[in-house]
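Examining the three-dimensional arrangement
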Amino acid sequence: MATQGAVCVFGDPGQGKTAVVRMALGEVPPGWKVTWVPVPVRPSVAGMRRAVFDALGLAGRFPHTSALADAAVTGALGEARVLVVDEVQRLPVPCLECLQSLWDHPGTRITLVLCGAGSERALSRLPRLASERKWRLW
């Protein structure tokens, strides 16, 4: 979290990836918040924006433009936060790029935890995220 990196936790189904992430998040330092972002059904970039907006519990209605939605989300991610996305292997590349842009944004302070069976293959299509640390559960 000190480096605000990205981590991919992957392994076969039923091996306890989500359980291990939940246990590890019990050690989050004071001042850090944890937000679990659900993967939308039929994921799209707009749906991913909405999922992050809703997971953050932002006040008001979801903005009508992508620019306003991005501004609201990046503003909220300016505080120290761990953003966890489980079942990330279900996300198409544009949704992964959306998460990457939040992580790369200069105004955000997030550690990105991407979890799921086959998630390492999904992330291999994004060189910047693929180069980050990966943890495999055996």
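Scope of this entry: the structure provided in the associated data block. (Residues numbered from 1 in each chain as written. Predicted model: local features only at pLDDT ≥ 70, side-chain atom pairs only at ≥ 80, totals over all residues. Heavy atoms only, no water.)

**Observations regarding the state of the cysteines**
As used here, a disulfide is simply a covalent bond connecting the sulfur atoms of two cysteines. As enumerated under the stated definition, the model contains zero disulfides in all. For the unlinked cysteine C95, the closest cysteine sulfur is that of C98, found at 6.8 Å. Given the relative accessible area of 1%, C95 is considered buried. (Disulfide = S-S within 2.5 Å. Buried < 20%, exposed > 50% of the residue type's maximum accessible area, 1.4 Å probe, protein only.)

**Examining unusual backbone geometry**
The phi angle at R42 is positive, at roughly 50°, despite the residue not being glycine. Topologically, R42 is positioned in the loop between β2 (33-37) and α2 (45-55). Here R42 falls in the exposed class, since its relative accessible area comes to 77%. Although it is not a glycine, E87 sits at a positive phi angle of roughly 65°. (Helix = DSSP H or I, 4+ residues; strand = E, 2+ residues; numbered from the N terminus.)

**Describing the environment of A6**
Topologically, A6 is positioned in strand β1 (residues 6-10). Counting along the chain gives 77 residues from A6 to L83, while the straight-line C-alpha distance between them is 9.5 Å.

**Some words on the nonpolar core**
Counting residues in each nonpolar core, the largest one holds 31 residues, and the members touching the most others are M48, V52, V85, L91 and L99. The set of elements that each furnish at least two residues to this core consists of β1, α2, α3 (66-76), β3 (81-86), α4 (93-104), β4 (110-115) and α5 (119-123). Sorting elements by how many residues they give to this core places α4 first, with six residues. Core analysis: the second largest hydrophobic core is formed by eleven residues, V7, V9, L25 and V84 among them. (Core = buried A, V, L, I, M, F, W, Y, C linked by side-chain atoms within 4.5 Å.)

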